[in-house]
Amino acid sequence: MRIIHIFHELKFSGAEIMYVDAASIFRQKGFELTALSTARDVGEFAPHMRQAGYKVIHHEYPRLMNYFARIKFYIQFTRFLKKEKFDVVHIHSHEKMWGMSLCAWIAGTHSVYTFHNVFPSHFYSYHYHILLRWTAKNIFKCQFQTISDSVYNHERSYYRNKTTKVYNWFGSNRYFPASGEEKIQFRKNLEIDSDTTVLISVGGCSHVKRHSDIIKALPRIIKEIPNCLYLHLGNGSIKSDEIQLAQELGVQNNIRFCGNQEDVRKYLISSDIYLMPSRFEGIPITTIEAMACQIPAILYDVPGLRDFNNEGENSILIPEDFQILAEKVISIKKDPQKAEEMSIRARHFVNSKFSMEQNVEEICKLYTL
């Protein structure tokens, strides 16, 4: 069976990482894998997808106002689907859900669209987005999948859109707790003192991820915990703004802007507390990975993040306030037993809920419907 995945730019982000982790399982099941990048640039994650066994194709998707180029793209893509005899078009880009499912329908190919996040609409576009969903599902026969309780409930209650819920997964062979002297060795490699309290966030720099709240919390944290270091993993459009904010607050010496890293586990294992102050999420792979490494997590109480506590206290959920964030970091530092008990529960939770083998099997069922 031939599968083509439709992405925007191929980045170090949840969907791309997840499908690379599972590539060997899909291939064992007889799937031939292709990834299409539709952004201006193919993306820095493309070599990793090739290495995992994906054929990577790059074809820029024209802007909406360029009508003739957009129509030409649809015609060429439909012909491509027929020529290459793809069995499934799996769409991961929200912007391309309708157009790509239309092309798949015309080509006689099954399509699947994954809602990776909570997508709110403006009041003037709400009914338009309902129409796009209805036509893609009922006319083009696109199968809709959601990745978490929050996304599933949002689609059902906000858009009256029933979907199939298949949870995300993570590479449990790559993310697991430290063993023996591993944490000490990783810290030595990263030149971090053993008595340093290390905070970490992993994700692209954007207004949604809101790393600025961690930076704003640092002056209060440092006042109580002077030997504190924040490992900031990820790149993005507002990284320069975050660096400038750190300089303005005088905390630049307590932050390492590490960019994108291939061996994220090394940084997680070297850390004491994982932080995610997002405005909203689908279900973040990075949080799952941190919990799998048994790192205690402090999360904002927002859609996608509150899902981690649906079955018990697996994280500290707090209001969206950087001052409360600072106080909780200080509090968890003073109560290591509570932190350890919570992180053990979290590890068991994510290993059960976000199993790769189990959830890949459910995705395969969508492909054959």
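That block above? That's the structure.
None of these values were measured; they are calculated from a predicted model. All residue numbers refer to position in the chain's written sequence, counted from 1. A pLDDT threshold of at least 70 governs which residues receive local features in this predicted model, and a stricter bar of 80 or more applies before side-chain atom pairs are shown or counted, although totals over entire chains, interfaces and linings include all residues. Just so you know, side-chain values use all the structure's heavy atoms and leave hydrogens and water out.

J.: Lay out the packing of helix H4 (residues 67-84) against helix H5 (residues 97-107) with the relevant residues and their values.
T.: Throughout, an axis means a line fitted to C-alpha atoms (over the contacting stretch in the case of helices), and angles, computed between N-to-C directions, take values from 0 to 180 degrees. Only DSSP runs of H or I covering at least 4 residues are called helices, and only runs of E covering at least 2 are called strands; the numbering of each starts at the N terminus. Two elements in contact, H4 and H5, have axes whose closest approach is 9 Å; the angle formed by their N-to-C orientations is 45°. Viewed along their axes, H4 and H5 adopt a mutual orientation that is oblique. Handedness of the crossing formed by H4 with H5: right-handed. Across from Phe73, Tyr74, Phe77, Thr78, Leu81 and Lys82 in H4, the residues of H5 making contact are Gly99, Met100, Cys103, Ala104, Ile106 and Ala107. Under the grouping applied here, Gly and all other residues not named as nonpolar or charged are polar, the nonpolar ones being Ala, Val, Leu, Ile, Met, Phe, Trp, Tyr, Cys and Pro and the charged ones Asp, Glu, Lys and Arg. Partitioning the contact of H4 with H5 into residue classes produces nine nonpolar, two polar and one charged. Oblique is the label for every angle not falling under 35 degrees (roughly parallel), over 145 degrees (roughly antiparallel), or within 65 to 115 degrees (roughly perpendicular). Two helices that cross are described as forming a left-handed crossing if the nearer one is turned anticlockwise from the farther one by less than a right angle, and a right-handed crossing if clockwise. We call two residues in contact whenever any of their non-hydrogen atoms come within 4.5 Å of each other.

J.: Can you tell me about the sheet that holds strand S1 (residues 2-7), naming the residues and giving the values?
T.: Only strands that DSSP links by at least two bridges are regarded as paired with each other. As summarised here, the arrangement of the seven strands in space is S3-S2-S1-S4-S5-S6-S7, forming an open sheet in which the pairing is parallel. What marks the edges here is a single partner per strand, and that holds for strand S3 (55-58) and strand S7 (164-165). As judged from the four bridges shared by S1 and strand S4 (residues 88-91), these two strands associate in the parallel manner. Looking at S4, one finds that Ile6 is bridged to Ile91. Set on the sheet, H4 makes contact with S1, strand S2 (32-37), S3 and S4; between it and S1 the angle comes to about 155°. Sitting on the sheet, helix H15 (residues 356-367) is in contact with S1, S4, strand S5 (110-115), strand S6 (143-146) and S7, with an inclination near 140° to S5.

J.: Provide a residue-level description of the sheet that holds strand S13 (residues 316-318), including the pertinent values.
T.: Taken in spatial order, the six strands line up as S10-S9-S8-S11-S12-S13 in an open sheet, and their pairing is parallel. Where the open sheet ends on each side, the last strands, each with one partner, are strand S10 (255-259) and S13. The mean angle between the axes of side-by-side strands here comes to 20°, regardless of whether they run parallel or antiparallel. When strand S9 (residues 228-233) meets S10, the two strands line up parallel, connected through four bridges. Of the residues in S10, the one forming a bridge with Tyr230 is Ile255. Across the sheet, helix H9 (residues 212-224) touches strand S8 (197-202), S9, S10, strand S11 (273-276) and strand S12 (297-300), and the angle it forms with S9 is around 175°. Across the face of the sheet, helix H13 (residues 322-334) comes into contact with S8, S11, S12 and S13 while running at roughly 160° to S12.

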